[in-house]
Amino acid sequence: MIVVMKRGTSESTVADMVRRIEDMGLKAHVIQGTERTVIAAVGEKRDGERETLESYDEVDQVVPILAPYKVASLETKPEPTVVAARDLKIGGGYVGVIAGPCSVESEEQILTVARQVKAAGAAGLRGGAFKPRTSPYAFQGLKEEGLKLLAMAREETGLAVVTEVMTPHHVDLVAEYTDVLQIGARNMQNYHLLQAVGESRKPVLLKRGASATMDEFLLAAEYILDQGNTQVALCERGIRTFETHTRFTLPLASVAYLHERTHLPVVIDPSHGTGIASLVPPMCTAAVAAGADGLIIEVHPDPHKALSDGAQSLTPEAFAETMEQCRKVAVALDKTF
């Protein structure tokens, strides 16, 4: 249920209502709006709860949440959420761009690409330190050394670092070096990991599983939100279909669909979504035109020598050109790029 407090309700009164909700065996999520405060009361439904909550003078109304994902729903929070880390802002009229290599390979590589994507206008730096690979013989990342190199690049450029965390026991280590914790497609339904990043309170970029439905995607986000972490961005990175002309099928309709159902911002990953570098720029501009709140793009100084995902990585020059095109679209839509 959504407990809508009356206008002008004090913080102490809201805190009292939270205690009452928790005494009923429900979990309370306080959401501060521009005009009033609402409290999402989530848990197993019991008879008489709604009537009890409506009886308090400070309560304006109690509304059932119909969507299976409660805290992520627009019913709970009609205002868009802005996910922010350093100068990176995603959502609420901002289009945040995260760029960098698939994997951190060396100090020279990550510092070079960080300087280049920053100069082109990116606000976030991506780069894998721990790499989940289909083959156990493929490059698995530099691990903690890679995290240190990402932090070094952040210190020089000011870019917000976005990198993947793969297991719950790595969350504290990865959070120490980075600004945004990425949950990869393979881990979208790793519920212990989702709860762990929720407890961390670090901003989270949650990627959709390759075969996940939208409800499953939003319910995965709900696991993070349910721990009290409100800084969650959804990432559409393409799904498996019968098509083979691209690595995955990138459904840009996801942007509009999600905006109709959740307040969480939507980021598009055209690199994984296509797997082909030449297709990345037009998918970037199309994503911004469709209303995407952010882009995450693979960029490598020399894609032919990349240790992973070179075929879908842009050169720094191609990335700069893509940014210029995307900026024109964003300005036309009155968004801050």
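Residues numbered from 1 in each chain as written. Predicted model: local features only at pLDDT ≥ 70, side-chain atom pairs only at ≥ 80, totals over all residues. Heavy atoms only, no water.

S.K.: Give me the lowdown on the pairing of strand β2 (residues 27–32), citing residues and values where you can.
M.R.: Relative to strand β3 (residues 37–42), β2 runs antiparallel, the two being bridged by six bridges. Bridge pairing links alanine 28 to alanine 41 in β3. As consecutive antiparallel partners, β2 and β3 are separated by four residues. (Pairing = 2+ DSSP bridges. Helix = DSSP H or I, 4+ residues; strand = E, 2+ residues; numbered from the N terminus.)

S.K.: Account for the sheet that holds strand β12 (residues 232–236), naming residues and giving values.
M.R.: Strand order in the closed barrel made by the eight strands is β7-β8-β9-β10-β11-β12-β13-β14, with parallel pairing throughout. Averaged over neighbouring strand pairs, the angle between their axes works out to 25° when direction is ignored. Of the strand pairs in this sheet, strand β7 (residues 96–100) and strand β8 (residues 124–126) are connected by two bridges, and their pairing is parallel. Counterpart to alanine 99 in the pairing with β8 is leucine 125. Each of β7 and β8 touches helix α3 (residues 107–120); the most contacted strand, β8, lies at about 145° to it. Sheet strands touched by helix α10 (residues 280–289): β13 (266–268) and β14 (294–298). Its angle to β14, the strand with the most contacts, is close to 170°. (Axes fitted to C-alpha atoms, helices over the stretch in contact; angles between N-to-C directions. Contact = heavy atoms within 4.5 Å.)

S.K.: Report on the nonpolar core, specifying residues and quantitative values.
M.R.: One finds Ile110, Val197, Leu206, Ile297 and Phe319 to be the most contacted residues of the largest nonpolar core, which totals 72 residues. A per-element tally of this core places helix α7 (residues 214–225) first, with seven residues. Setting aside residues up to four positions removed in sequence, isoleucine 110 forms contacts with Pro101, Val104, Leu125, Arg126, Leu149, Leu150 and Ala153. Among the nonpolar cores identified, the runner-up in size contains 15 residues, and Ile21, Leu26, Ile39 and Val59 belong to it. (Core = buried A, V, L, I, M, F, W, Y, C linked by side-chain atoms within 4.5 Å. Buried < 20%, exposed > 50% of the residue type's maximum accessible area, 1.4 Å probe, protein only.)

S.K.: Can you break down the packing of α10 against helix α11 (residues 316–332) residue by residue, with the values?
M.R.: Running from N to C, α10 and α11 point in directions that differ by 20°, and their axes come no closer than 9 Å. Classified by the angle between their axes, α10 and α11 sit roughly parallel to one another. As α10 packs across α11, the resulting crossing turns out to be right-handed. Contact with α10, carried on its side by Pro281, Cys284, Thr285, Val288 and Ala289, involves Thr322, Gln325, Cys326, Val329 and Ala330 of α11 and no other residues of that element. For the contact of α10 with α11, the class distribution of residues is seven nonpolar, three polar and no charged. (Parallel < 35°, antiparallel > 145°, perpendicular 65-115°, else oblique. Left-handed = near helix turned anticlockwise from the far one by under 90°. Nonpolar A, V, L, I, M, F, W, Y, C, P; charged D, E, K, R; others polar.)

S.K.: Summarise the environment of valine 204; cite the residues concerned and give the values.
M.R.: Tracing the sequence through the fold places valine 204 in strand β11 (residues 204–207). Sequence-distant contacts of valine 204, defined by excluding residues within four places in its chain, comprise Val180, Leu181, Ile183, Val197, Ile224, Asn229, Gln231, Val232 and Ala233.

S.K.: Please provide a residue-by-residue account of the packing of aromatic side chains, values included.
M.R.: Taken as a whole, this structure holds one aromatic pair when the rule is applied. Lying over the aromatic face of phenylalanine 248, arginine 237 brings its terminal NZ or CZ to 4.2 Å of the ring centre. The ring of tyrosine 257 is capped by arginine 261, whose NZ or CZ atom sits 3.8 Å from the centre of that ring. (Phe/Tyr/Trp six-rings, centres within 6.5 Å; stacked < 30°, edge-to-face > 60°. Lys NZ or Arg CZ within 6 Å of the ring centre and 35° of its normal.)

S.K.: Explain the environment of alanine 287 to me, and be specific about the residues and the numbers.
M.R.: Structurally, the position occupied by alanine 287 is in helix α10. Residues alanine 287 and leucine 252, 35 residues apart in the sequence, show an inter-C-alpha distance of 6.4 Å. Among residues more than four places away in sequence, those in contact with alanine 287 are Leu252, Ile268, Ala292 and Leu295.

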